Amino acid sequence: MSRSTTSTSRSNRDRKIPRRPLLWLAAALLFTVPPMFGSLATWVPCLFLLALALKFWMEPRGYRLRFATLKLVLAAVALFAIFASYGSLHGVEQGVSLLVVLMSLKVLEAHTAREFQVMVMIGWVLCLCGFFLSQDFAIALCLLTAFALLLVALVQFHRGSSPGPFWPPLGTACKLLVQAAPLTALLFLLFPRINSSFGFQIRDLRSAELGFSDRLSPGSITSLTDSSTVAFRAEFPDNRTRPPGPMYWRGVVMWHCEGMEWRAPYAPVAISPPNQGTRQSASGHAIRQRITIAPHDARWMFALDRPFEVLPKAMLARGNYLWSAQPIRKARRYEVISSPQISEMKLQPRERREALDVPASISPAVRELAQSWTAQNSNPRAIVNSALQFFRAQGFRYSLSPGEYKKNDLEQFLFHRRVGFCEHYAASFATLMRLAAVPARVVAGYLGGEYNDLGGFVLVRQSDAHAWCEVWLPDSGWTRVDPTTVVAPGRASLDLNSFLARNAATGELNTRQSAFVAELFRSAIFTNVRLAWETLNYEWDTRLLGFDADVQEVFLDSIGIANRGPLFLVVEILIVAVALLLTYAGWMQLRTRSRRDRAKGLYDRFCRKIARLGVRRDPWEGPSDFSRRAAQSLPDEAERIREISNIYIALRYAPESTAILLDRFAKDVSAFPSHSG
């Protein structure tokens, strides 16, 4: 009975995977988890973490997931859960989720050397999938760490789980990665681009949180005040510092008025760029910008007020804003020149009618307010000043949580609640101007941005989304008027986060941040670390992810191998790669030979010492045979003779020999006596 029980117990358990390689593998797989959160259904990475935890409970006991029927049932349940989470089984997120679930099952069933190696291979595939989900710099660091740790796990597995320090496999993996770095850099720089760049977006961007839209409605911008998502970054090549004055980043111009709601034309109309005379007059105030815009799956582009040059694959739309020829589904880098002096000096009759159109649903009280300004002074500039004075003197407040408004709540906003965010003030002011017979339109874009002194660029986040007005004045054309700055002085000169922090410190504005968090954000150490991190992110986006076919062509031209065709370039790369590999192989051979030559010289010295003791080595006698004969002839030194001979055999005939072993061999030979004491 006891023998039967033992046999059954052994049949229910399998031999264990060594613990140390399993620890390295688990550490590597943990670094593949961050890109899953926020991209996949939450239960998928949680299941993955649970499987890793169960593995460490099961492995010491010899348990594993062994029944094929149970595996099939679990796989079917996973497929159903993926379908329920995403609504289909087709897509990148669905495919990656399925791979993660299958990896979880593999972790629970693995128990052999082959299965361990399969897990390492799947782990490398997960690293690639993580890069598909996100190319963020922090995610890239996690995936690079995971890739290296998977290599360490494989090295440790082949070395076994013998006791000793943990760092030798780590050192071996680092050496392998360093040796591969030159060839990797060569392929990155020279291999012809199939895709335009390494920055791409597979997920549906329309489901992402965007801070910009071609429709302005109450609350559309307020909801983005907590978003730290990057909208774009801008450099100023002609000046190391940011330009003076407020930075209004023009995005889209809205003409259609519905009271508190405005929208842009569905199909923007292209206009001709300014003539040469206008361009020359504006050149003294021109500001050149180099902008890297994040993907948003739409066509709007951004520039300081106002752009006056047509970019490649873009047009200058009516209202002087940039419109891309194709949806921006990946990070895009472009240069644009802007000048505040550019303005149309003639308003076409059709544009005038469009800029004065108001809905019939506007209440009589709102109409009477606008007509009262006209009755006082019919000059458009005086009407604008009267409207601004109204917002300044009637107790309007700037708030991050103004409450819900609808498109017909203009009277409620102007006469009763009088609290709002930038979209409320821009929409209401433009509507009032039209009611007062002053042509007006709403411009949506971004205001301000945080200047990074370390990287020399302005970082504009989604939280900096802003809306303002433009009115037509006969003597100056379309003129910017921002009613928000009347209610919230200082907003134009700061990004939103800085503005909120300053006003929260003075008690003028209540924010949702605690005092401790606000104080931490303002600390010098935190600020310096954050700026350095943002600079690294910017360099990653522009230097690596932004290394597209155009940048590669410029680089190849600078080293004199451009315009020779992709086939010629591939042949050149192969020649250089083979040359690098041959150089490396020769260096390794020379290094190994030099160590062996030194070992041979030390062994000859050892043989001479033994010869002085009366035992001479014959020319045909190998080190093993000579060791046995010398140990028999010199019993007092037998142990030292065998140890020195064994070390020499390891140094001479092992595929690799370490410098530590060679140093030990040299010390032992030196300490061996050359005459009898």
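Presented here is an overview of the structure given in this document. In this text the structure is predicted, and so the values were computed from the model without any measurement. (Residues numbered from 1 in each chain as written. Predicted model: local features only at pLDDT ≥ 70, side-chain atom pairs only at ≥ 80, totals over all residues. Heavy atoms only, no water.)

**A look at the overall build of the protein chain**
Selection criterion: To qualify as a helix, a DSSP run of H or I must reach at least 4 residues; to qualify as a strand, a run of E must reach at least 2; elements of each kind are numbered from the N terminus. Here's how the labels work: a residue is buried when its accessible area is under 20% of the maximum for its type, exposed when over 50%, partly exposed in between, all with a 1.4 Å probe on protein chains only. Whether two residues touch is decided by their heavy atoms; if any such pair falls within 4.5 Å, the residues are in contact. For accessible areas, the Shrake-Rupley method is used with a probe of radius 1.4 Å. Any residue's cover is judged against the shown protein chains and nothing else.
Per the secondary structure count, the protein chain includes 23 helices and 17 strands. Burial status across the protein chain gives 44% buried among its 677 residues. Residue pairs at least 24 apart in sequence account for 73% of intrachain contacts in the protein chain once pairs closer than 6 positions are excluded. Accessible surface, the protein chain as shown: approximately 34,500 Å² in total, 59% of it carbon and sulfur.

**Here's the deal with the packing of aromatic side chains**
Applicable threshold: Geometry of aromatic contacts follows a simple scheme: Phe, Tyr and Trp rings, the Trp one being its six-membered ring, pair when their centres are within 6.5 Å, and the pair is stacked under 30 degrees between planes, edge-to-face over 60, tilted otherwise.
Inspection of the entire model under this criterion finds 29 aromatic pairs. For the pair Trp255 and Trp478, a centre-to-centre distance of 5.9 Å together with 90° between the ring planes defines the contact as edge-to-face. Of the two residues, Trp255 is situated in the loop between β3 (248-254) and β4 (256-257) and Trp478 in strand β17 (residues 477-481); the sequence distance between them amounts to 223 residues. Trp478 shares its class with Trp255; the two are buried. When the centroid spacing of 5.6 Å and the interplanar angle of 55° are considered together, the rings of Phe396 and Phe413 count as tilted. Of this pair, Phe396 sits in the loop between α12 (380-393) and β11 (397-398) while Phe413 sits in helix α13 (residues 410-417), and the two are 17 residues apart along the sequence. Taken as a pair, Phe396 and Phe413 share a single burial class, namely buried. What links up through ring pairs into an aromatic cluster is the set Trp373, Phe390, Phe391, Phe396, Tyr405, Phe413, Tyr425 and Phe429.

**Focus on the sheet that holds β4**
Applicable threshold: Two strands form a pair only when DSSP identifies at least two bridges running between them.
Spatially, the three strands line up as an open sheet ordered β1-β5-β4, and their pairing is antiparallel. Both edges of this open sheet fall to β1 (215-216) and β4, since each of them pairs with a single strand only. As paired elements, β4 and strand β5 (residues 262-263) share two bridges and run antiparallel to each other. Residue His256 lies in a different strand from β5, and its bridge partner there is Arg263.

**A few points about the sheet that holds strand β6 (residues 287-293)**
Let me state the cut-off plainly: Inter-axis angles, ranging from 0 to 180 degrees, are taken between N-to-C directions of lines fitted to C-alpha atoms, where helices are fitted over the stretch in contact.
With antiparallel pairing, five strands are arranged side by side in an open sheet as β10-β6-β2-β15-β14. Of all strands in the sheet, those with a lone pairing partner are β10 (332-338) and β14 (450-452), marking the two edges. With strand direction ignored, the average angle separating the axes of adjacent strands in the sheet is 25°. Across three bridges, the pairing between β14 and strand β15 (residues 457-461) is antiparallel. Bridge pairing in β15 links Asn452 to Phe457.

**Quick look at the state of the cysteines**
This is how it is decided: Defined by distance alone, a disulfide is two cysteine sulfur atoms within 2.5 Å.
Tallied over the entire structure, the rule returns zero disulfides. We note that Cys127 lacks a disulfide partner, and the nearest cysteine sulfur, in Cys129, lies 9.2 Å from it.

**Things to note about the pattern of salt bridges**
Our working rule: Throughout this description, the term salt bridge denotes a Lys or Arg side-chain nitrogen within 4 Å of a carboxyl oxygen of Asp or Glu.
By the definition in use, this model includes 30 salt bridges. Between Arg461 and Glu534 there is a salt bridge, with its nearest N and O atoms 2.5 Å apart. Separated by 73 residues along the polypeptide, Arg461 in strand β15 and Glu534 in helix α18 (residues 524-545) bring together distant segments of the chain. Across the pair, exposure class does not vary: Arg461 and Glu534 are buried alike. The closest approach of N and O atoms between Glu534 and Arg530, which form a salt bridge, is 3.5 Å. Of this pair, Glu534 and Arg530 both sit in helix α18, four residues apart, which is roughly one turn of that helix. Look at Glu534 and you get buried, because its relative accessible area is 8%. A residue is classified by how much of its surface remains accessible, and Arg530, at 22% relative accessible area, is partly exposed. Among the charged side chains, a salt-bridge network with shared partners connects Arg250, Asp305, Arg306, Arg441, Glu470 and Arg480.

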